[in-house]
Amino acid sequence: MNETVLYEVRDSIAFITLNRPEVHNAQNPELLEVLDQCWTSAAQDESVKVILLQANGRNFSAGHDLAVPEDRKSDVFANFDYKNRGVAGQYLWEQSHYFEYSRRWRNNPKPSIAAVQGACIAAGLMLAWPCDLIIAADNAWFSDPTVVMGIAGVEYHGHTWELGPRKAKQMLFTADKVSAAEAHRLGMVNEVVPLEELAAFSAALAGRIAERDLFSLVMAKRVVNQTVDIMGQPAALQSGFDLHEMGHAQCIARSAGETAVLTRDVAELRKKSG
Ligand code: ZN
């Protein structure tokens, strides 16, 4: 497997580790594709009972990697070629590459845990939210600054489900960070642990879950997910995605098809948020 994501199965646990610490685990198309393959491998491997998603480096994930290497503009990054691909191209790309990934991970039959340290920005949330449990280091923080970029939140609208309507609105309106402690208070995070204990705590929790019968775990996950599904989450997520794409369409219309506006703003924002 590609080294942007590490994959190892040990003691019935699939350890999936984001491995682009030099860019704060920003997600390029390759990373997302390999990550998705890891989730699929874990689902298909009968020896795996629990999936533990973690990240190397100081930060969990800085979101989508919007840097466009010159030699890649014609292929995987074609989605950013607004001028030629337009709104439809953007919509279809993000549906299949961003939104469907998160939905697929959320619907993976096996229990999953995200271990989050440092920054978890924008699309970083789309890696953590689909997991069944989230363990945060005490230095973790979560933010979605996409309203600043003219878009109503990331592609996967977990905000309202995870934080409740009022806090979700505050997060979106202000782009302020939500601390690990606040996320814990609101129920978005299961546990907060000291940074130096994050990996061991998460692995131990995964180990305890792995002691259970796999079929029982799969059914336990399903009963909770189906309850949320009956509450309308799948349709709400699709609606959230469509509104997200409306934001892109507005950006495209405003910039008359120029890609630079959005990518430059994101780069500026990254600089500010360190
Ligand atoms: Zn988008």
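Residues numbered from 1 in each chain as written. Predicted model: local features only at pLDDT ≥ 70, side-chain atom pairs only at ≥ 80, totals over all residues. Heavy atoms only, no water.

1. Structural notes on the confidence of the model for the protein
Mean pLDDT for the protein: 90, with 86% of residues reaching 70 or above. This model gives residues 73-79 a pLDDT under 50, and the stretch forms 15 contacts once residues within four places in sequence are excluded. (pLDDT = per-residue confidence, 0-100. Contact = heavy atoms within 4.5 Å.)

2. A closer look at the pattern of salt bridges
Following the criterion strictly, the structure yields eight salt bridges and no others. Between Asp229 and Arg106 there is a salt bridge, and its shortest N-O distance comes to 3.0 Å. Of this pair, Asp229 sits in helix 8 (residues 214-230) while Arg106 sits in helix 2 (residues 82-106), and the two are 123 residues apart along the sequence. Assessed through its relative accessible area of 9%, Arg106 is described here as buried. In the salt-bridge network here, residues are joined through shared partners; they are Lys167, Glu182 and Arg185. (Salt bridge = Lys/Arg side-chain N within 4 Å of Asp/Glu carboxyl O. Helix = DSSP H or I, 4+ residues; strand = E, 2+ residues; numbered from the N terminus. Buried < 20%, exposed > 50% of the residue type's maximum accessible area, 1.4 Å probe, protein only.)

3. Observations concerning the sheet that holds strand 5 (residues 119-121)
One open sheet accounts for three strands, arranged 5-7-8; its pairing is mixed. In the strand order of this sheet, the two ends are held by strand 5 and strand 8 (178-179), each with one partner. With two bridges joining them, strand 7 (residues 141-143) and strand 8 adopt antiparallel strand pairing. Its bridge partner being in strand 8, Phe142 is matched across the sheet by Val178. (Pairing = 2+ DSSP bridges.)

4. Concerning the nonpolar core
Core analysis: the biggest nonpolar cluster contains 50 residues, and Leu35, Phe60, Val116 and Phe142 have the highest contact counts within it. Broken down by element, the residue count for this core peaks at seven residues, all from helix 1 (residues 29-44). In terms of nonpolar packing, the next biggest core, distinct from the first, is built from 15 residues, Ile13, Ile135, Leu205 and Ala206 among them. (Core = buried A, V, L, I, M, F, W, Y, C linked by side-chain atoms within 4.5 Å.)

5. Remarks on the coordination of the zinc ion
Protein coordination at the zinc ion comes from Glu94 (OE), Glu94 (OE), Glu155 (OE), His244 (NE2) and His248 (NE2), with a distance range of 2.0 to 2.4 Å. Each donor residue of the zinc ion lies on the same chain, and together they follow the pattern E-x60-E-x88-H-x3-H. Taken together, the residues span a long stretch of sequence, with Glu94 in helix 2 and His248 in helix 9 (residues 233-254) at a distance of 154 residues. By the burial criterion, Glu94 is buried, and His248 matches it. (Donors = N, O, S within 2.8 Å, 3.2 Å for Na, K, Ca; no water.)

6. Description of the sheet that holds strand 1 (residues 5-10)
Hydrogen bonds between backbone atoms are what pair the strands of a sheet, whose relative direction is either parallel or antiparallel. Spatial ordering of the open sheet is given by 1-2-3-4-6-9, a layout of six strands whose pairing is mixed. Looking at which strands have only one partner, the edges of the open sheet turn out to be strand 1 and strand 9 (191-193). When the angles between neighbouring strand axes are averaged without regard to direction, this sheet yields 20 degrees. Relative to the sheet, helix 1 contacts strand 1, strand 2 (13-18), strand 3 (50-55) and strand 4 (112-116), its axis offset from that of strand 1 by approximately 15 degrees. Running over the sheet, helix 7 (residues 198-210) touches strand 2, strand 3, strand 4, strand 6 (133-137) and strand 9 and is turned about 160 degrees from strand 6. (Axes fitted to C-alpha atoms, helices over the stretch in contact; angles between N-to-C directions.)

7. Structural notes on unusual backbone geometry
Unusually for a residue other than glycine, Asn25 sits at a positive phi of about 55 degrees. Examined against the element boundaries, Asn25 turns out to sit in the loop between strand 2 and helix 1. Here Asn25 falls in the buried class, since its relative accessible area comes to 0%. In the Ramachandran plot, Ala175 falls in the positive-phi region, its phi being about 65 degrees despite a non-glycine side chain. Among the structural elements, Ala175 can be located in the loop between helix 5 (165-174) and strand 8.

8. Some remarks on the packing of aromatic side chains
Enumeration over the complete set of coordinates arrives at five aromatic pairs. Seen from their ring centres, Trp39 and Trp105 are 6.0 Å apart, and the 15 degrees between their planes marks the pair as stacked. In this pair, Trp39 sits in helix 1 while Trp105 sits in helix 2, placing the two residues 66 residues apart along the sequence. Residue Trp39 is classed as buried on the basis of its relative accessible area of 1%. Ring centres of Phe99 and Phe241 lie 4.9 Å apart, and the angle between their planes is 20 degrees; this geometry places the pair in the stacked category. Residue Phe99 is found in helix 2, and its partner Phe241 is found in helix 9; the two are separated by 142 residues along the sequence. A single burial state applies to Phe99 and to Phe241, both of which are buried. An aromatic cluster is present here, built from Tyr91, Phe99, Tyr156 and Phe241 joined pairwise through their rings. Its guanidinium or amino end placed over the ring of Phe15, Arg10 lies 4.3 Å from that ring's centre, counting from NZ or CZ. Over the ring of Trp141 we find Lys177, and its NZ or CZ is 4.1 Å from the ring centre. (Phe/Tyr/Trp six-rings, centres within 6.5 Å; stacked < 30°, edge-to-face > 60°. Lys NZ or Arg CZ within 6 Å of the ring centre and 35° of its normal.)

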